[in-house]
Amino acid sequence: MGEFKLSCLVNSTAKIGKYKLKIMLDGDVLTSIPNLSDSNETVIYRVDSISESFKGVYQCTVESEKVTLWSRELEVTFVSQPHFTVSPKEYQVVSGDTAMFSCHVTGVDPSLPVRFYVGNSPAAMEPVASSSDEEDLLYLENVTNTLFVGCDKEHGHPRPISQISNTKLVKQRLVDVKVSVSKTPYHKTGETLVIRCDVTSELLTGPPGWKIYWRHGGTTYTYLGSRGNVHMYDNGIVGNKTAHLLAIQNVHHNKHNGTYTCVFVSEEYGRYQEKIEIIVKQGLTKNMIALVLGGALIFITIVLLVVVVMYCRQKHRRSPQTAYDDVADCTVATNTLVRSEVSPAGDSDQQTTL
């Protein structure tokens, strides 16, 4: 991986007599030259093929009769050669469709952002911004001509693109992915969400090397079967078609809102996907229902009381001679209504009408 050379130079105007010059790495002696007497001496330590084991603190010392006269240190770090891989190597796409590429990087600080480059030829590529939430993925929408894709990272060196991938236009669609939802994309908390992904492709009848899975937020569903309230199953392959279903019971508005993506991945032809937006609204809880019913009962009671009182007043105004009887009748009716409304449930047989 290249050579490494360390020079240790002794230059003294004073006579120091016989001395020993040592070169060490992290305290271990790499080379030692005794019985030197020239006050102008250069010792070179050379490594023809370096590796990460040669990093550390190098020290050059001059010793005379086991006494260190002079010492200098140099810290050497190891940086591996970065390697960038764009996949798939070739993407076959129908004119107007979307192509997706991924970038895998080694030998570079993983916290540095990925940069993608796109152009009509390997020599004429320009940086583009990734439209994906995952920074190592690039989606090229509405592809109408052959393109070349490369990637690297911001690491302060000339842009090395170790691999170039290209999109290749074809006459027929390799994979058709459609996502649908049962009934409506709008659900309420507590309901069951069922999403269906239909895939049509000749690749289904070919050799293994493809898979179908779901993504939602930071969660990936790759299994078939049930885990908790999440169920995934398919209907097998019929001709060149298959369907995968994702069912989630007891959905919650804080957890299951958002974009659901069905992804078809082929080791040879890359990824195809389709998205659907699901909205889960907060439904009425038991406490909320009880509160609404209680409020309605109180409202009805107040309305009835007002009606009874207004009726009694109007009757009193028409016949002043029977005022005493009217007041008594209204008092009885009001007391009866109040007792009937406020009596505990189940005690209706014990209510007394005056």
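Model, not experiment: these values are computed from the prediction.

Rules of the game
Residues numbered from 1 in each chain as written. Predicted model: local features only at pLDDT ≥ 70, side-chain atom pairs only at ≥ 80, totals over all residues. Heavy atoms only, no water. Helix = DSSP H or I, 4+ residues; strand = E, 2+ residues; numbered from the N terminus. Buried < 20%, exposed > 50% of the residue type's maximum accessible area, 1.4 Å probe, protein only. Contact = heavy atoms within 4.5 Å. Areas by Shrake-Rupley, 256 points an atom, 1.4 Å probe, with all protein chains shown as cover. Pairing = 2+ DSSP bridges. Axes fitted to C-alpha atoms, helices over the stretch in contact; angles between N-to-C directions. Phe/Tyr/Trp six-rings, centres within 6.5 Å; stacked < 30°, edge-to-face > 60°. Lys NZ or Arg CZ within 6 Å of the ring centre and 35° of its normal. Core = buried A, V, L, I, M, F, W, Y, C linked by side-chain atoms within 4.5 Å. Disulfide = S-S within 2.5 Å.

J.: Just to check I follow, could you spell out the overall build of the chain for this structure?
T.: Scanning the chain from N- to C-terminus turns up two helices and 24 strands. Looking at the 354 residues of the chain, the share that counts as buried comes to 33%. Taking as baseline every contact in the chain between residues at least 6 positions apart, the subset at least 24 positions apart corresponds to 60%. As presented, the chain carries roughly 22300 Å² of accessible surface, and 53% of it is formed by carbon and sulfur atoms.

J.: Even after reading the chapter, I still don't get the sheet that holds strand E18 (residues 210–216), so can you show me in this structure?
T.: Sheet strands pair via backbone hydrogen bonds, and the direction of the pair is either parallel or antiparallel. Spatially, five strands are ordered E16-E24-E23-E18-E19 in an open sheet, and the strand pairing comes out mixed. A single partner strand is all that each edge strand has here, and the edge strands are strand E16 (186–188) and strand E19 (219–221). The average undirected angle you get between the axes of adjacent strands in this sheet is 30 degrees.

J.: Is there a simple way to explain the packing of aromatic side chains in this structure?
T.: Describing an aromatic ring pair means giving the distance of the ring centres and the angle of the ring planes. The full count for this structure, using the stated rule, is one aromatic pair. Here arginine 227 stacks its cationic end above the ring of tyrosine 223, 3.9 Å away from the centre of that ring.

J.: Can you help me understand the nonpolar core in this one?
T.: As a rule of thumb, nonpolar side chains are buried together in soluble globular proteins. The biggest cluster of nonpolar side chains holds 47 residues, and the ones touching the most others in it are Leu140, Ile195, Trp214 and Phe264. For this core, the element with the most residues is strand E9 (residues 99–106), which contributes five residues. If sequence neighbours within four positions are ignored, phenylalanine 264 has contacts with Val175, Val177, Val199, Leu203, Leu204, Trp210, Lys211, Ile212, Gly270, Arg271 and Tyr272. Core analysis: the second largest hydrophobic core is formed by 16 residues, Cys8, Val43, Tyr45 and Cys60 among them.

J.: Can you walk me through the state of the cysteines in this structure?
T.: Simply put, disulfide is the name for a covalent bond between the sulfur atoms of two cysteines. This structure, assessed with the given rule, holds three disulfides. Shown here is the disulfide that connects cysteine 8 with cysteine 60, its sulfur atoms set 1.3 Å apart. Here the S-S torsion is close to -55 degrees, and the disulfide linking cysteine 8 with cysteine 60 is therefore left-handed. With cysteine 8 in strand E1 (residues 4–11) and cysteine 60 in strand E5 (residues 56–64), this residue pair connects regions lying 52 residues apart in the sequence.

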